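So the chains spell out like this:
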Amino acid sequence: MCNAGYAETCFVSDILEQLYVDWYTPLFEAAPSTVPYLSSSVLAAGITNFLRSLAYNDLLWDLAMFKAIDEGFVNYVKQENMNLYNYFYDYIKEENSLLISDGIGGLID
């Protein structure tokens, strides 16, 4: 398991994923009947939502993702690891953000 406090032992994507798990797990445990189980799809949607939190913060994005930008997670990342937030800022920012690939040649944007 990746330790979100030690960047030298993880890829930055691993750190971001671990932060999402750390943030999401108490939400699920507090309300398992209303908060979906943290599946790979929920994790991927949460990370994608974070990476586009400024660029696509509008109704069309909300409809495409089936949820609004989760400011709670964005704020959690800023609080727990501002260096990580800054690292990903070029993907997050509203204008001229970097494109996100699915890893096999497809673009998310």
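A brief look at the structure comes next. From a predicted model like this one, the values you see are computed outputs, not experimental measurements.

The rules behind these values
Residues numbered from 1 in each chain as written. Predicted model: local features only at pLDDT ≥ 70, side-chain atom pairs only at ≥ 80, totals over all residues. Heavy atoms only, no water. Helix = DSSP H or I, 4+ residues; strand = E, 2+ residues; numbered from the N terminus. Buried < 20%, exposed > 50% of the residue type's maximum accessible area, 1.4 Å probe, protein only. Contact = heavy atoms within 4.5 Å. Areas by Shrake-Rupley, 256 points an atom, 1.4 Å probe, with all protein chains shown as cover. Arc of directions from axis to C-beta. Patch = residues over 30% accessible without salt bridge, like charges linked within 9 Å, V, L, I, M, F, W, Y side chains within 5 Å. Salt bridge = Lys/Arg side-chain N within 4 Å of Asp/Glu carboxyl O.

1. Structural notes on the overall build of the protein chain
1) Next: Looking only at helices and strands, one finds 5 helices and 0 strands in the protein chain.
2) Next: Put simply, the protein chain runs from its N terminus to its C terminus through helices and strands in the order α-α-α-α-α.
3) Next: Among the 109 residues that make up the protein chain, the fraction classed as buried is 33%.
4) Next: Sequence separation of 24 or more characterises 46% of the internal contacts of the protein chain that already satisfy a separation of 6 or more.
5) Next: A total of about 7000 Å² of accessible surface is found on the protein chain, and carbon and sulfur atoms cover 56% of it.

2. Concerning helix H5 (residues 82-92)
1) Next: Residues Leu84, Tyr85, Phe88 and Ile92 constitute the buried set of H5. Around the axis of H5, the buried residues are gathered within 90 degrees of arc, so they sit on the same side.
2) Next: Where H5 is buried, its residues meet helix H1 (12-30), helix H2 (40-51) and helix H4 (71-80).

3. Focus: a nonpolar patch on the surface
1) Next: A contiguous nonpolar patch, built from Leu59, Leu60 and Leu63 and spanning about 360 Å² of accessible area, is present on the exposed surface.
2) Next: Turning to its location among the elements, leucine 63 is positioned in helix H3 (residues 59-65).
3) Next: Under the relative-accessibility criterion, leucine 63 is labelled exposed at 54%.

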